Amino acid sequence: MALLRCRGLRKEFGGHAVLDHLDLTVAEHQVVALIGASGSGKSTLLRCVNLLEELDDGTIELDGEDISDPRVDPDRVRRRIGMVFQAYNLFPHLSVLDNITLAPRRVHRRGRAEAEAQARELLDRVGLGAKADAYPDRLSGGQQQRVAIVRALANSPRLMLLDEVTSALDPELVGEVLAMIRDLKADGMTMVLATHEMGFAREVADEVCFLDAGRVIESGPPEQVLGEPTQPRTRQFLRRIIEAGRL
Amino acid sequence: MTLLDHVPSEAQLRRSAYRRRQTVYSVLVAASSTAALGTLLVIAVTGAPGWDRVRRSFLDPEIARDALPTVLSGLWLNVRLLACCAVGALLLGLVIAVLRTLRGPVFFPVRALAAGYTYTFRGLPLIIVLYLLTLGVPGLRLQGMPPVLVLGGIALVLTYGGYLAEVFRAGIESVHSSQLAAARSLGLTYRQTMRHVVLPQAVRRVAPPLLNDVVALQKDVGLVSLAGPIDAVRAAQIATAQTFNYTPYVVAGVLFVLLAIPLIAVTDWVTLRAARRQSGG
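Residues numbered from 1 in each chain as written. Chains lettered and ligands numbered in written order. Predicted model: local features only at pLDDT ≥ 70, side-chain atom pairs only at ≥ 80, totals over all residues. Heavy atoms only, no water.

S.K.: Account for the sheet that holds strand E10 (residues 215-220) of chain A, naming residues and giving values.
M.R.: All names here are of chain A. On the basis of which strands lie adjacent, the open sheet formed by six strands has the order E6-E7-E8-E3-E9-E10 and mixed pairing. This sheet does not close on itself; its edge strands, each paired only once, are strand E6 (81-84) and E10. Sheet twist, expressed as the average angle between the axes of neighbouring strands with direction ignored, equals 20 degrees. Summarising the sheet, strand E9 (residues 207-212) and E10 pair through five bridges and their orientation is antiparallel. The partner of Phe210 across the bridge, within E10, is Glu218. Sitting on the sheet, helix H1 (residues 42-49) is in contact with strand E3 (31-35), E6, strand E7 (159-163), strand E8 (190-194) and E9, with an inclination near 150 degrees to E7. Relative to the sheet, helix H6 (residues 171-186) contacts E3, E7 and E8, its axis offset from that of E8 by approximately 150 degrees. (Pairing = 2+ DSSP bridges. Helix = DSSP H or I, 4+ residues; strand = E, 2+ residues; numbered from the N terminus. Axes fitted to C-alpha atoms, helices over the stretch in contact; angles between N-to-C directions. Contact = heavy atoms within 4.5 Å.)

Structure, rendered in structure tokens:
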């Protein structure tokens, strides 16, 4: 059963179509990696799924419900979706613990003690238990991004959207964030991740989608899309990536 | 930080010695230039042909002593009015700023009213607002009219609320949209996002200019005396009229500065802390 089904998505910015009749289906427990050049529509797709952008056409279904219907309450939809951003977007005025417990307490109306206990447990699991009372600006980029992932997980989402979560990190910090995503996959989390880490996409994704000019041009198992691409645009993109030493 | 067992090199020792000599030299230069300027000022002022007359009519210690109690009791009015008006104007400004950010067609009249308010009261001179409220409103002869002092306070709150609303709005708009996206993606409603994510960051960021406006308000609260209540400046004016001596004004001026010093010190401290927080980490 498909958890997420996008059909004919279109999004324009200033007369330019960033998404152009894009189709994407994600099954439960599946990990889908979106690859493609900057501006190919990866981030816009994720933002549309989280209803942060208004669609210009097409439908998005989550658990069989049409969430692109304007009568749907977007806040209720977002509670079921966790999103992690490239620039972490932690709240600088709140401690790590308060960042994580904000949504459980305010959105899900849990008690402070219960929310904090859950947050501490999640932090312990990713080795950040000692940082619970620190403020985000005292953490390394990798630690901040792991806190951002924990913050999204504290809502117990059905689906996680990861938008180039390692692109802003120093190379030696990428590994700790990728390890966390690997663990999420092992736990059966459904994820859509936009990434430039081809090696990681190959390892963790069940399906890789190559986006170009707002469409999915090629999709399939990672070995096929990354190993034997059939589309010339995909080949050209991968060749450039290899030349840049990123594969 | 150097390690405890670090032995500075020959070059570092020479540099340190040079910097120490430079520091001593700088202090000496500053001291002598200050002394020179001070001496010049004293000679210029006290050597002026009219100095004796000015000293008698502006700096008479006896008249200062006599005027102090009435000026002080006037100042007490300023302090009380300032406290009430500052709280009122900050609250009004915050509410107006938040109203201006509301989206959706339902809120169009609210947005329009809030925008109209900030345009009107930032443009209207305070004195005119004061006259309209303290002289015009009582003229309506309505039942239960508040005293002139309260009406004057309302005029101050309305005028300063307009300025403070714009400061708050600048703060709200300075919070990056990625913070809103993060909050909304967690399922927080627009109101929760404002309350828990945007406003705390906005208020922290604009605290220095807000306090600066409170310092300005401190000087303007005295204008209620135009409608009758006797504040420090009005008390000084009355004392001056009785003695034909301007010393009471100087007394009032000194008291105002003394009153402003703690506020300005707090403003500087908050500014410094905000700057540190932004650059630190």
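S.K.: Can you explain the UniProt feature "transmembrane region" (unreviewed entry) in chain B? Please cite residues and give values.
M.R.: Residue and element names in this part refer to chain B. Within the UniProt annotation, "transmembrane region" (unreviewed entry) is assigned to residues 24-48, 75-99, 119-140, 147-165 and 249-272. Here residues 75-99 is 100% helix and 0% strand, with 35 Å between the C-alpha atoms at its ends. Helix makes up 100% of residues 249-272 and strand 0%, whereas the separation of the span's terminal C-alpha atoms amounts to 34 Å. (UniProt positions renumbered as here; feature names shortened; annotations may be inferred.)

S.K.: Quick rundown of a nonpolar patch on the surface? Include the residues and the values.
M.R.: Residue and element names in this part refer to chain B. A surface patch of nonpolar side chains, about 500 Å² in accessible area, is lined by Val54, Phe58, Leu59, Val233, Tyr246 and Tyr249. On the secondary structure map, Tyr249 appears in helix H10 (residues 247-279). Classification of Tyr249 as partly exposed rests on a relative accessible area of 32%. (Patch = residues over 30% accessible without salt bridge, like charges linked within 9 Å, V, L, I, M, F, W, Y side chains within 5 Å. Areas by Shrake-Rupley, 256 points an atom, 1.4 Å probe, with all protein chains shown as cover. Salt bridge = Lys/Arg side-chain N within 4 Å of Asp/Glu carboxyl O. Buried < 20%, exposed > 50% of the residue type's maximum accessible area, 1.4 Å probe, protein only.)

S.K.: Now, about the packing of helix H3 (residues 61-101) of chain B against helix H4 (residues 108-123) of chain B: what can you tell me, with residues and values included?
M.R.: Residues and elements named next belong to chain B. Between H3 and H4, the shortest axis-to-axis distance is 8 Å and the interhelical angle comes to 135 degrees. Looking at the two axes, H3 sits oblique to H4. Judged by the sense of rotation from one axis to the other, the crossing of H3 with H4 is left-handed. Facing Leu92, Ile96, Leu99 and Arg100 of H3, the residues of H4 in contact are Val110, Arg111, Ala114, Ala115, Tyr117, Thr118 and Tyr119. Tallied by class, the residues present in the contact of H3 with H4 amount to eight nonpolar, one polar and two charged. (Parallel < 35°, antiparallel > 145°, perpendicular 65-115°, else oblique. Left-handed = near helix turned anticlockwise from the far one by under 90°. Nonpolar A, V, L, I, M, F, W, Y, C, P; charged D, E, K, R; others polar.)

S.K.: So what's going on with the interface of chain B and chain A? Residues and values would help.
M.R.: Taken residue by residue, the interface counts 20 residues in chain B and 24 residues in chain A. Buried area between chain B and chain A, summed over both chains or domains, comes out near 1,800 Å², and the portion from carbon and sulfur atoms is 58%. Where chain B packs against chain A, one counts one salt bridge. We note a salt bridge from Arg184 of chain B to Asp75 of chain A, for which the minimum N-O separation is 3.0 Å. One can count eight residue pairs in polar contact (both at pLDDT 80 or more) joining chain B with chain A. Elements with a contribution of two residues or more to the side of chain B that touches chain A: helix H7 (177-185) and helix H8 (190-220) of chain B. With seven residues, H7 of chain B is the largest single contributor of residues to the side of chain B that touches chain A. Taken together, the residues that form the side of chain B that touches chain A break down as seven nonpolar, ten polar and three charged. (Buried area = accessible area lost by both parts, 1.4 Å probe. Polar contact = N/O pair within 3.5 Å; in protein donor to acceptor, adjacent residues only side chain to side chain.)

S.K.: Before we move on, can you summarise the pattern of salt bridges with the specific residues and values?
M.R.: Pairing is possible between side chains that carry opposite charge, provided their charged atoms lie close to one another. All names here are of chain B. Within the structure shown, the criterion is met by 26 salt bridges over all chains. Across the salt bridge formed by Arg169 and Glu166, the nearest N and O atoms sit 3.2 Å from each other. In this pair, Arg169 and Glu166 are both assigned in helix H6 (residues 148-174), three residues apart and thus about one turn of the helix distant. Linked by salt bridges that have partners in common, Arg100, Arg122, Glu166, Arg169 and Glu173 make up one network.

S.K.: Kindly report on the sheet that holds strand E2 (residues 16-27) of chain A, identifying the contributing residues and their values.
M.R.: Residue and element names in this part refer to chain A. Taken together, the four strands give an open sheet; going across it, the order is E2-E1-E4-E5, and neighbouring strands pair in antiparallel fashion. Taken across any chain shown, the strands that pair with only one partner, and hence form the sheet edges, are E2 and strand E5 (65-66). In terms of strand pairing, strand E4 (residues 57-62) meets E5 through two bridges, oriented antiparallel. From the neighbouring strand, Glu61 faces E5, where its bridge partner is Asp66.

S.K.: How would you sum up helix H4 (residues 112-125) of chain A? Please name residues and give values.
M.R.: Residues and elements named next belong to chain A. Here H4 is 14 residues long and its end C-alpha atoms lie 20 Å apart, about the 20 Å a rise of 1.5 Å per residue gives. When H4 is considered as a whole, its buried residues turn out to be Ala115, Glu116, Ala119, Leu122 and Leu123. Within H4, the buried residues cover an arc of 125 degrees as seen down the axis, which keeps them to one side. Exposed residues on H4 whose side chains face more than 90 degrees from its buried face are Ala113, Asp124 and Arg125. Residues of H4 that are buried make contact with helix H3 (96-106) and helix H5 (141-153). Residue Gly127 follows H4 closely and has a positive phi angle near 75 degrees. (Expected span 1.5 Å × (residues − 1). Arc of directions from axis to C-beta.)

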